[in-house]
Each structure stands twice: as structure tokens, then as C-alpha cells.
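# Observations on chain architecture
Residues per chain, in single letters:
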Amino acid sequence: MRVHVLGGGVVGLACADELLARGHDVVVVDPAVGSGASAVAAGMLSPAAEAWHGEQDVHRLGVESARLWPTYAARLDVPLHDHGTLLVGHDADDRHDVRRQVALLAGLGVVTDLLSPAQVRRLEPGLGRVSGGARVDDRSVDPRAVVAALLRRLAGRVHAREPRPVADAVVLATGARLPEPWTHLLRGVRGEVVRLHTSDPPRHVVRGWVAGEHVYVVPREGGEVVVGATVEEHDEPPVPTAGGVLRLLRAARVLLPALDRAEVLACAARDRPATRDHLPLVGPTHDPRTWLAAGHFRHGVLLAPLTARLLADALEGAAPDPAVDPRRLLATPTAPGGPPCT
Ligand SMILES: Cc1cc2nc3c(=O)[nH]c(=O)nc-3n(C[C@H](O)[C@H](O)[C@H](O)COP(=O)(O)OP(=O)(O)OC[C@H]3O[C@@H](n4cnc5c(N)ncnc54)[C@H](O)[C@@H]3O)c2cc1C
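Rules used throughout
- Residues numbered from 1 in each chain as written.
- Predicted model: local features only at pLDDT ≥ 70, side-chain atom pairs only at ≥ 80, totals over all residues.
- Helix = DSSP H or I, 4+ residues; strand = E, 2+ residues; numbered from the N terminus.
- Buried ≥ 20, exposed ≤ 12 C-beta atoms within 10 Å, placed from the backbone.
- Contact = placed C-beta atoms within 7 Å.
- Axes fitted to C-alpha atoms, helices over the stretch in contact; angles between N-to-C directions.
- Left-handed = near helix turned anticlockwise from the far one by under 90°.
- Nonpolar A, V, L, I, M, F, W, Y, C, P; charged D, E, K, R; others polar.
- Core = buried A, V, L, I, M, F, W, Y, C linked by C-beta atoms within 7 Å.
- Domains from an automatic or database assignment.
- Pairing = 2+ DSSP bridges.
- Near = placed C-beta within 6 Å.
- Arc of directions from axis to C-beta.

Scanning the protein chain for helices and strands turns up seven helices and 17 strands. In the protein chain, buried positions account for 50% of the 342 residues. Within the protein chain, residue pairs in contact and separated by at least 24 positions form 76% of the contacts whose partners lie at least 6 positions apart.

To continue, consider the environment of Asp138. With respect to the secondary-structure elements, Asp138 resides in the loop between β6 (132-136) and β7 (139-141). Of the residues examined, Asp138 has 23 C-beta atoms within 10 Å and is grouped as buried. Excluding its chain neighbours within four sequence positions, the residues that come into contact with Asp138 are Met44, Leu45, Ser46, Ala48, Ala49, Gly84, Thr85 and Val205.

A few words now on the packing of helix α1 (residues 10-21) against helix α5 (residues 143-153). Two elements in contact, α1 and α5, have axes whose closest approach is 10 Å; the angle formed by their N-to-C orientations is 35°. Between α1 and α5 the crossing geometry is left-handed. Residues Val10, Leu13, Ala14 and Asp17 of α1 lie in contact with α5, whose contacting residues are Pro143, Val146, Val147, Leu150, Leu151 and Arg153. Tallied by class, residues from the contact of α1 with α5 come to eight nonpolar, no polar and two charged.

Moving on, we get to the nonpolar core. Of all hydrophobic cores here, the largest spans 100 residues; its most connected members are Cys15, Val171, Val227, Leu255, Ala293 and Leu311. If you tally residues by element for this core, the top one is helix α7 (residues 300-315), at eleven residues. In terms of domain composition, this core takes at least three residues from each of domain 1 (1-82 + 139-186 + 276-342) and domain 2 (85-136 + 187-274). If we ignore the near neighbours within four places in the chain, the residues touching Ala293 are Val11, Gly12, Cys15, Val171, Ala173, Val282, Thr307 and Leu311.

Turning to the sheet that holds strand β3 (residues 44-45), a few remarks are in order. Spatially, the three strands line up as an open sheet ordered β3-β7-β4, and their pairing is antiparallel. Strand pairing shows two members of the sheet lacking a second neighbour, β3 and β4 (80-81), which therefore form its edges. In this sheet, β7 lies alongside β4 in antiparallel orientation, the contact comprising two bridges. Looking at the pairing, His81 lines up with Ser140 of β7.

Here we take up the environment of Ala155. On the secondary structure map, Ala155 appears in the loop between α5 and β8 (158-159). Note: C-alpha distance between Ala155 and Val27 (128 residues apart in sequence) is 10.0 Å.

Lining the immediate surroundings of the ligand are 42 residues, of which Gly9, Gly36, Gly175, Gly191 and Gly300 lie closest. At the level of elements, α1, β10 (187-197), β15 (263-274) and α7 are the ones that each hand at least two residues to the shell around the ligand. Residues belonging to the shell around the ligand are distributed by class as follows: 21 nonpolar, 16 polar and five charged. Each of domain 1 (1-82 + 139-186 + 276-342) and domain 2 (85-136 + 187-274) accounts for three or more of the residues forming the shell around the ligand.

Read from one edge of the open sheet, six strands run β8-β2-β1-β9-β17-β16, paired in mixed fashion. Across the chains shown, the open sheet's two edge strands, defined by having one partner strand only, are β8 and β16 (281-284). Across the sheet, α1 lies against β1 (2-6), β2 (25-29), β9 (169-172) and β17 (290-294), angled at about 165° from β2, the strand it touches most.

Moving on: the pairing of β10. A regular strand places its side chains so that they alternate between the two faces of the sheet. For β10, the tally of buried residues reaches nine of eleven residues, placing the bulk of the element in the interior. Summarising the sheet, β10 and β15 pair through eleven bridges and their orientation is antiparallel. Each residue of the ladder has a partner; that of His197, found in β15, is Glu263. By the bridge criterion, five bridges tie β10 to strand β13 (residues 224-228) in an arrangement that is antiparallel. If you follow Val194 over to β13, its bridge partner there is Val227.

Listing the buried residues of α5 in full gives Pro143, Val146, Val147 and Leu150. Looking straight down α5, one finds that the buried residues subtend no more than 95° of arc, so they occupy a single side. Packed against the buried residues of α5 are α1, α2 (56-76), β7 and α7.

Further remarks concern unusual backbone geometry. Here the bond from Glu180 into Pro181 is cis, since omega is 5°, no more than 30 degrees from zero. Look at His278: it is not a glycine, yet its phi comes out positive at around 65°. Looking at the element boundaries, His278 is found in the loop between β15 and β16. Owing to 17 C-beta atoms within 10 Å, His278 belongs among the partly exposed residues under this scheme. Unlike most non-glycine residues, Phe297 shows phi in positive territory, near 50°. With respect to the helices and strands, the residue Phe297 is situated in the loop between β17 and α7.

What follows is the structure in C-alpha cells.
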């Protein structure tokens, strides 16, 4: 098939790469490749640490995609950070947040023990005062390295404008803003991050609660760490704000006091592409030429390899996974505005 993929973020590029590997004739169209949410994402591959109430399907898909990541990273030749994630609480109330996450995980079949402050600090000696914690096996990856690796594999197939007028299928992977008539399916949820360089990075990904403020610190190669992320529903352009950056740095410095001396490399913000049920849109629409690969909200990096596989399977005729089938959120063409299709 001749396939146009609109959008060169981690999701669109992963889909294009998979379709190419299956022998399809693919081009990616994006006037600003890699400039969306994929450029600032922390890159946590975190079905466990990011698990949330009522999101069993998100968790299921995340676990499935996390299993693909070791092979996927090897295929792209990008390093995986494999030292696990520490969930930590600063004060006694914050310890309740850790306890609640551990209980939530137990309900999803992920067993992890609550650790004492001494046990947590033995695992991560650079931590400041902690009231308790837990360790989970989640991994992380640098999304910008993933985008760069995918672009190398797709060399010559990525264009700023559509290079040919017709395609058998068009895959919309344009991040937080889909073109009409699909625009209403997504809303942008702003996330701000700060990138730092430190001579004393943590060994684990550290996700903490500090006086009720949630923050994470994700170590990368060469002393870089990503501190994130704010979560805000808004209608403005996604820019980093003084208040957001201040809250992130204040909480991160309490968790890891050595960050006080870290160099600030960049502050950035982007919109996470959120659907109303927080599950992505991967598969067909009611227009036989238009396919969606969008709406990955907090998990686009984690879900990229699975999305690529599901999208390619669906394009080749497989029945889409109902949890991600875009038609669940679309009115039927004969009954616009009516109840969603099943
Ligand atoms: C602060 C923050 C932290 C995050 N941390 C994580 C994390 O740790 N782990 C995780 O898994 N996920 C994380 N996410 C979520 C993740 O970043 C997104 O789910 C993912 O990047 C979405 O990828 P995408 O390719 O769909 O969109 P994007 O990366 O936004 O790419 C969309 C692309 O489409 C292009 N485009 C837009 N309109 C058009 C058009 N009309 N025609 C052609 N091209 C167009 C844009 O130029 C852009 O390049 C985070 C997000 C944020 C904001």
C-alpha cells in the first residue's frame, strides 16, 4: 500500500518504520519533525509507576508495550535505562501517596514492598529526607534518541509537504491536534519539564511526593536529568511558566539535594494528546482512507512499539483492539452527534 503518515513524532515515525519493514511504500509528512511532545517527554516506560485508578486498559497496553521495548531499543540501537524506579514520599502524608500507589499496583497484580527510609536510602544514597518508598522495575529511554534513530531508518521518506497527491491510506499521527473533522477527539494537557546537568545524578528514576507535590527525576546518559512534569488543562499555547518551573525545582531539590548545584539546560512545555477515556486512538475511522495513531496522553513513548504493530495489523485487515479502536469515540456517519458506535 502507498501510505502517508502525517506527523513525525515518536508515534508517527514508529508506525512508518513498522509499515516500511512490512513492505509498504511509506512517506512521513511533517513541517516540524520531532518538535511535538516527543521532544520534551521524560521517556519513562512506566506501566507500573504511572498506573492510575480506572485505567486498567491503559495499564494492560503499557505492560504489553513495555515487553516489546528491549527488542525495540536493540533494533533502533538506543540505550535503555534499566535501574528501575523508586517511588518515594518526603513527609508522613506523602508516604500515604506511596502506600496508595503500592495498593493500586497490587490490585493490578504488580507486587512491590513498602520500604523503610533506611532501605530507600541504601538504594539511592543521594536522597534527602524520605518517609518511605517502594521500588518497581520500570525502564526509561531518551525519546529524542528514539526519534533520531527512527529518522535515520526512514531517511529520504520524511518530507515537509506531501510529495505525491494520492495515497491508499493516510495515517493521522499529528499529536495533540488532529485535523478536522477529528479535532474534537483530543484535548491538550500541558506538561512542563526542566532539563538539568548534574555531576551527581540518581541511579534510579525517582518519582516522589513532596508535601503533596508530585515530581519525577529521570536520569539520562552523561549526567543529564529531566525534572517533570506539571499537568494542566488549558487553552493557551503550551509554554513553560515561572510557577510551574519553580514548583518542579523546589520539589526535586528536596528529594535530591545535590540538584541544587545542577546546571539548567532548558525549560520546555508541550501538550499531551489526551482522549476523553485516556486511551489512544489506533486504527480505522469511518473514512476508509483515514487511519488514526494519536491520543497517547502520558504514554506515547511507552506505547510507540505496540501502536506501530497494532496500526500496521489493522491496516493489513486485522480487527482492531476495541480498547483503542477510534470508532469507539466517533458518532456513526449516518447519525452525526448520536451515540458512539460499538
Ligand atoms: C512533559 C511531558 C512528559 C512526558 N513524559 C512521558 C514519559 O515519560 N513517557 C511516555 O511514554 N510519554 C510521555 N509523555 C507523553 C508523550 O510525549 C506523548 O504521548 C507522545 O510524545 C505523543 O507522540 P506523537 O508522535 O503522537 O505526538 P508528537 O510528539 O506531539 O508529534 C506530533 C507531530 O505532528 C506534527 N504535526 C502537527 N500537525 C501536523 C499536520 N497537520 N501535518 C503534519 N504534521 C503535523 C508535529 O510537527 C509533530 O512533529 C510526556 C509528555 C509531556 C508533555
